[in-house]
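Residue-level structure breakdown
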Amino acid sequence: MSLLDETQSQVKVRRRVQARTEIARSKLIEAATPMFAEQGFDAISVRDIENAAGVKRGVLSYHFGTKDGLWRAVTDALFNPLIAALGQRLDILRDLSSRERVALLIRFHVRYYAENPLLSRLMSQEARQDTWRIAYLSQHYVGPSVAEIKKHIADELELNETEFAHWYYIMVSASATIFSFESECKKLFGFNPRTDEAIDRHADMLVTMLIKPVNGD
């Protein structure tokens, strides 16, 4: 075998190993996401996750070190797209009127939570406990995004610090709950809240309720 052939063979082997590594990581993250969101971090074991992912024992430790490491990877995968999408919306706010800025941010949250109900379910698990996990979320994701939202909401609605906190939790809860409680909504009211029509209707109602203080209207 020539040196070139040997080099090409080594490259192919590395690529196969990398591909298997990415597949295993993806399987673990995909399996763990609903488990962390719906059952909670403490309710599931490493073996539970490996079984759900269909991987061999010890694979989680190999790729993530600990369950803590996998949890961070799961939350990164959930929140990084949210932060990126929010950043895109914030970039265009300067071209909008006061009312349009508030409405856009509300509609963004409604649509995002409708498309990603596991995110709000995970936050429901974590936000009620004083753990390293909520500290991680607050530092890396929730805190920075709230600070950005506040820049565009507090002054527009003439809210002080405490009033903004109330407004924020009302907005987030109202944006997310109907989609997180999808099964209940179907049984109680007979419709799927995650259709485009239902999402738009929900966003319209929420904008009407939360935007009224703007300019004293």
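One can find the structure itself at the top, above this paragraph.
This write-up is about the structure you can find in this document. (Residues numbered from 1 in each chain as written. Predicted model: local features only at pLDDT ≥ 70, side-chain atom pairs only at ≥ 80, totals over all residues. Heavy atoms only, no water.)

Quick look at the overall build of the protein now. Within the protein, the secondary structure is distributed over 10 helices and 0 strands. Start at the N end of the protein and walk to the C end: the helices and strands fall as α-α-α-α-α-α-α-α-α-α. Going through the 217 residues of the protein one by one, you find that 41% of them count as buried. Intrachain contacts of the protein at a sequence separation of at least 6 include 65% that bridge at least 24 residues. Counting only carbon and sulfur atoms, one obtains 53% of the accessible surface of the protein, whose full area is about 12,500 Å². (Helix = DSSP H or I, 4+ residues; strand = E, 2+ residues; numbered from the N terminus. Buried < 20%, exposed > 50% of the residue type's maximum accessible area, 1.4 Å probe, protein only. Contact = heavy atoms within 4.5 Å. Areas by Shrake-Rupley, 256 points an atom, 1.4 Å probe, with all protein chains shown as cover.)

A surface patch of nonpolar side chains, about 330 Å² in accessible area, is lined by L188, F189 and F191. The exposure class of L188 is exposed, given its relative accessible area of 57%. (Patch = residues over 30% accessible without salt bridge, like charges linked within 9 Å, V, L, I, M, F, W, Y side chains within 5 Å. Salt bridge = Lys/Arg side-chain N within 4 Å of Asp/Glu carboxyl O.)

Within the secondary structure layout, H63 lies in helix α3 (residues 59-64). Other than its neighbours up to four places away in sequence, H63 contacts T21, A24, R25 and L28.

This brings us to unusual backbone geometry. The phi dihedral of E158 falls on the positive side, at around 55°, and the residue is not glycine. Mapped onto the secondary structure, E158 falls in the loop between α7 (132-157) and α8 (161-180). The exposure class of E158 is exposed, given its relative accessible area of 68%.

This part is about the packing of aromatic side chains. Under the counting rule described, the total for this entry stands at 10 aromatic pairs. Joined through ring pairs, the aromatic side chains of F36, F41, W71, F79, W132, Y136 and Y141 make up one cluster. The ring of F41 has K67 lying over it, and the distance from NZ or CZ to the ring centre is 4.2 Å. Sitting over the ring of Y136, R72 keeps its end group 5.8 Å from the ring centre. (Phe/Tyr/Trp six-rings, centres within 6.5 Å; stacked < 30°, edge-to-face > 60°. Lys NZ or Arg CZ within 6 Å of the ring centre and 35° of its normal.)

Another aspect to go through is helix α4 (residues 67-92). Here α4 contains 26 residues, and its C-alpha end-to-end distance of 39 Å stays within 8% of the 38 Å for a straight helix at 1.5 Å per residue. Of the residues that open α4, the one with a side-chain oxygen 3.2 Å from the backbone nitrogen of D68 is T66. (Expected span 1.5 Å × (residues − 1). Polar contact = N/O pair within 3.5 Å; in protein donor to acceptor, adjacent residues only side chain to side chain.)

This paragraph deals with the environment of I106. Its place among the elements puts I106 in helix α5 (residues 98-115). Residue classification places I106 among the buried positions, given a relative accessible area of 0%. Through-space distance from the C-alpha of I106 to that of A203 is 7.1 Å; in sequence the pair is 97 residues apart. Residue contacts for I106: discarding those within four places in its chain leaves W167, M171, S175, L206, V207 and L210.

Next up on the list: the environment of A154. Mapping A154 onto the fold places it in helix α7. Owing to a relative accessible area of 7%, A154 belongs among the buried residues under this scheme.

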